[in-house]
Amino acid sequence: CGRGPGDSRGGRTDMALRCAASLAAGRQPRGPRREGTVRWSSAAKASAVKINEKASREKILTLESMNPQVKAVEYAVRGPIVLKAGEIEKELRKGIKKPFTEVIKANIGDAHAMGQRPITFLRQVVALCTYPNLLDSPSFPEDAKKRARRILQGCGGNSLGSYTASQGINCIREDVASYIERRDGGVPADPDNIYLTTGASDGISAILKILISGGGKSRTGVMIPIPQYPLYSAAISELDAIQVNYYLDEENCWALNVNELRRALNEAKAYCNPKVLCIINPGNPTGQVQSRKCIEDVIHFAWEEKLFLLADEVYQDNVYSEGCQFHSFKKILYEMGPEYYNNVELASFHSTSKGYMGECGYRGGYMEVINLHPEIKGQLVKLLSVRLCPPVSGQAAMDIVVNPPVPGEESYAQFIKEKESVLNNLAKKAKLTEDMFNKIPGVHCNPLQGAMYAFPRIFLPSKAIEEAKAHKMAPDMFYCMKLLEETGICVVPGSGFGQREGTYHFRMTILPPVEKLKILLEKVKDFHIKFLEKYA
């Protein structure tokens, strides 16, 4: 590479680096032109190659040097099968022929992605908060404007774009506390115990962070249901805690049995310090709704064994089966008397993502934490302050979940119509899914009492299990991958949620529109029958 007049030694080095970059990119470097050609000296070429070799030094961050706890994290809901579904979608867009025309992503509880319409009132209030000029528009109802003004008054500069207190906007926390009191028939709730969060997941992760300590046999053990929502196992891996599995009773509609809790606890004491008990009610992925008696037994067990209770109640609006009713752990704890209510430490979680709202993208949520040590309360606020505050639009959306229109307000009729339509539709789809699965030979599905998923058990032939092992795959992963490749239906294998040894399942959302859900279930039926024939 030539050099111009006045080039210094540093200038020559810069020129050599530019030459190296040009070589790496497959371009001829620029230099003095003689008769329309670029001349290279052999010394310049050697220098460029040498510098380029030095430039590609070893990476600081590799699989070997990265945080091993992060590497251990697995999240099946967005795991390998979803990546494969994305690849197939790209192939379809390129015109590559498949036995289907679209990928149906039934792997995740994303209501709006599946076609559910937003609740008008919630979107109106968030729109007004986002663009306050709309407050002068006659197109928006006064009850929506009233809520938007109140939320904006709680924001710095009356703007949704400002940071809020780490615990969340005060007036929204007050609304959450009022909602809890109404829901629980007058059980008192203190806004100071309410923490607004980035979805329920953020709150669960924060509480686990502050709970986990110790090393060796004193390392914190976290008891989780199997099957479980993979957030729990992922958070436990990331925090290097000890996962303690207790199994739900599939033969008894996925019931929680205290004897099983005791077995798991006693076995875990040999290798860790179990001090956290996680409950998901209604269940994900299993859809069971816990009875009052069951919750009382769990609370007594936690009190007796000095366990910190985490109650994941994000599906509290999603109860479908006759005879089933949602009972909050907070309410039952209060009704069991002061010995329990003043002593059992409990964190409860809710979210905008599920229920009838399905507003996953806003990432709105809250947790209520009771009986927390005063000094720990300060530590929790400190931990939450590191992430500054939850998304403020998500806080606004959460406010509408806990402070919806009431009888006598302008928007009430439309709101209640939309809410009931969503929930009635989900109940219809839950029953349809259960019935259709139970008509397929080699499939058994427990009643879908609540939540948004079916978790059917599939009975796989030994030949299919052997072939799965030959492909180094879990048998239900092998099954689900074949289902995806042959039908375009994406579901999550039960092995991603945990299951008893020798049993196989998959989780499928019931969110698609009824007609599309019927087609999906027919396709699963046809595939399963062919699968059994092939591997019989």
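Description of the structure in this document. Since this is a predicted model, take the numbers as computed values, not measurements.

According to the stated counting rule, one finds 14 aromatic pairs in the structure shown. Summarising the aromatic geometry, the rings of Tyr479 and Phe506 are spaced 6.1 Å apart at their centres and angled 15° between planes, so their arrangement reads as stacked. With a gap of 27 residues between them, Tyr479 in helix H18 (residues 475-487) and Phe506 in strand E16 (residues 506-509) connect regions that are remote in the sequence. According to the relative accessible area criterion, Tyr479 is buried, its value standing at 0%. Under the relative-accessibility criterion, Phe506 is labelled buried at 1%. With centroids separated by 4.8 Å and ring planes inclined at 45°, the aromatic side chains of Phe531 and Tyr535 adopt a geometry described as tilted. Pair noted here: Phe531 and Tyr535 are both in helix H19 (residues 514-535), with a separation of 4 residues, about one helical turn. We note that Phe531, like Tyr535, is buried. An aromatic cluster is built from Phe437, Phe478, Tyr479, Phe506, Phe527, Phe531 and Tyr535, whose rings are joined through pairwise contacts. In this arrangement the basic side chain of Arg507 is found over the ring face of Tyr453, its NZ or CZ atom lying 3.9 Å from the centre.

Turning our eyes to something else, we now look at empty space enclosed by the protein. Applying the stated criterion to the full structure yields 3 cavities of 30 Å³ or more. Quantified by volume, the largest cavity comes out at close to 50 Å³. Pro225, Pro227, Tyr246, Leu248, Leu256, Ile279, Ile280, Gly283, Asn284, Thr286, Gln288 and Gln290 are the residues that line the largest cavity. Split into classes, the residues belonging to the lining of the largest cavity amount to 7 nonpolar, 5 polar and no charged.

Moving on: helix H11 (residues 292-305). With 14 residues, H11 should reach 20 Å at 1.5 Å per residue; the first-to-last C-alpha distance of 20 Å fits that figure. Taken as a whole, H11 has its buried residues at Cys294, Ile295, Val298, Ile299, Phe301 and Ala302. Each buried residue of H11 lies within a common arc of 160° when the element is viewed along its axis, so the set occupies one face. On its buried face, H11 sits against helix H10 (258-268), strand E7 (273-280), strand E8 (308-312), helix H12 (329-335) and helix H13 (338-341).

Our next topic: the pairing of strand E5 (residues 220-226). Counted residue by residue, E5 has 7 buried out of 7 residues, so it is predominantly covered. Judged by which residues are buried, E5 turns out to be covered on both faces: Thr220, Val222, Ile224 and Ile226 on one side and Gly221, Met223 and Pro225 on the other are all buried. In terms of strand pairing, E5 meets strand E6 (residues 242-247) through 6 bridges, oriented parallel. In the sheet register, Ile224 faces E6, and the bridge partner there is Asn245. Of the crossover connections in this fold, the one passing from E5 over helix H9 (residues 231-238) to the parallel E6 is right-handed.

What counts and what doesn't
- Just so you know, the residues in each chain are numbered from 1, in the order the chain's sequence is written.
- Totals for whole chains, interfaces and linings use all residues, but because this is a predicted model, local features are given only for residues with pLDDT of at least 70 and pairs of side-chain atoms are given and counted only at 80 or more.
- Calculated side-chain values reflect all of the structure's heavy atoms, with hydrogen atoms and water omitted.
- When two rings of Phe, Tyr or Trp (its six-membered ring) have centres within 6.5 Å they constitute a pair, described as stacked for plane angles under 30 degrees, edge-to-face for angles over 60, and tilted for the intermediate range.
- A helix here means a DSSP run of H or I that spans at least four residues, while a strand means a run of E at least two residues long, and both kinds are numbered starting from the N terminus.
- Throughout this description, buried means an accessible area under 20% of the type-specific maximum (1.4 Å probe, protein chains only), exposed means over 50%, and partly exposed covers the range between.
- Geometrically, a lysine NZ or arginine CZ counts as sitting over a ring once it is within 6 Å of the ring centre and also within 35 degrees of the ring normal.
- Only protein atoms enter the 1 Å grid used here. Points where a 1.4 Å probe fits but cannot escape make up a cavity, open sets with protein on both sides within 12 Å along at least five of seven lines make up a pocket, and a residue lines them when an atom lies within 4 Å of a point.
- Grid points are joined across faces, edges and corners, and a volume is the space filled by probe spheres set on the points.
- Only Asp, Glu, Lys and Arg are considered charged, only Ala, Val, Leu, Ile, Met, Phe, Trp, Tyr, Cys and Pro nonpolar, and every remaining residue, Gly among them, polar.
- Here the expected length of a helix is defined as 1.5 Å per residue gap, with one fewer gap than residues.
- This arc describes the spread of directions from the helix axis toward the C-beta atoms.
- Any two residues whose heavy atoms approach within 4.5 Å are treated as being in contact.
- Paired strands, as defined in this entry, are two strands with at least two bridges between them according to DSSP.
- Call a crossover right-handed when, viewed with both strands pointing away from you, the route from the first strand across the helix to the second goes clockwise.

All quantities given are derived from atomic positions and should not be read as evidence of function.
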